[in-house]
Amino acid sequence: MKLKDLLKFIEIEDKRLRKYYGSYPDEEKRILARTVKLTEELGELCNDVLAHNSLQRKQKLDELDKENIQEEFADVLITTLLLANVMSVDIEKALERKIEKINKRYDLGK
Ligand SMILES: [Mg+2]
């Protein structure tokens with residue numbers, strides 16, 4: 001999947017979520033809701049990382065779906081992009097700038 005395809009999906013998902021949750025008096029509530037949702041998804045990823053390393057109690061390990069961690073990585077990425085979208089962050093430019101900064105800092109990318 002290309003970044004442009006992912007960002008197109010984010011636009012469509014954003015419209016679906018706005019329709020589902022309705023309008024807010026301002027965007028602050030939507031930003032807050034998406035920030036909390038990102039924390040929820042990050043917690044789910046952390047749970048699966050702990051389980052992946054057998055650092056959960058036995059009952060949780062017994063119930064573990066080993067394929068679920070892939071879904072949690074995707075959830076974190078999608079919720080991050082939805083938050084960036086509602087905050088009008090151009091994530092493609094942000095990534096380009098950040099990668100360039102890292103490349104310069106560590107003399108990479110040559
Ligand atoms: Mg999740």
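These numbers were taken from a predicted model, which means no experiment stands behind them.

## Here's the deal with helix H1 (residues 3-21)
The end-to-end C-alpha distance of H1 is 26 Å, a good match for the 27 Å that 19 residues give at a rise of 1.5 Å each. Every buried residue of H1 is listed here: Leu6, Ile10, Glu13, Asp14 and Leu17. One face of H1 carries all of its buried residues, which in axial projection span an arc of 115°. When the buried face of H1 is taken as reference, the exposed residues oriented beyond 90 degrees from it are Lys4, Ile12, Lys15 and Lys19. On the buried face of H1, the contacting elements are helix H2 (27-52) and helix H4 (68-86). Just beyond H1, the residue with positive phi is Gly22, at close to 80°.

## Let's talk about the coordination of the magnesium ion
Around the magnesium ion, the protein contributes the donor atoms Glu41 (OE), Glu44 (OE), Glu72 (OE) and Asp75 (OD), at 2.0 to 2.2 Å from the metal centre. If you list the donors of the magnesium ion from N- to C-terminus, the spacing comes out as E-x2-E-x27-E-x2-D. Of the two residues, Glu44 is situated in helix H2 and Asp75 in helix H4; the sequence distance between them amounts to 31 residues. Note on Glu44: relative accessible area 29%, which makes it partly exposed.

Basis of the calculations
Residues numbered from 1 in each chain as written. Predicted model: local features only at pLDDT ≥ 70, side-chain atom pairs only at ≥ 80, totals over all residues. Heavy atoms only, no water. Helix = DSSP H or I, 4+ residues; strand = E, 2+ residues; numbered from the N terminus. Expected span 1.5 Å × (residues − 1). Buried < 20%, exposed > 50% of the residue type's maximum accessible area, 1.4 Å probe, protein only. Arc of directions from axis to C-beta. Contact = heavy atoms within 4.5 Å. Donors = N, O, S within 2.8 Å, 3.2 Å for Na, K, Ca; no water.

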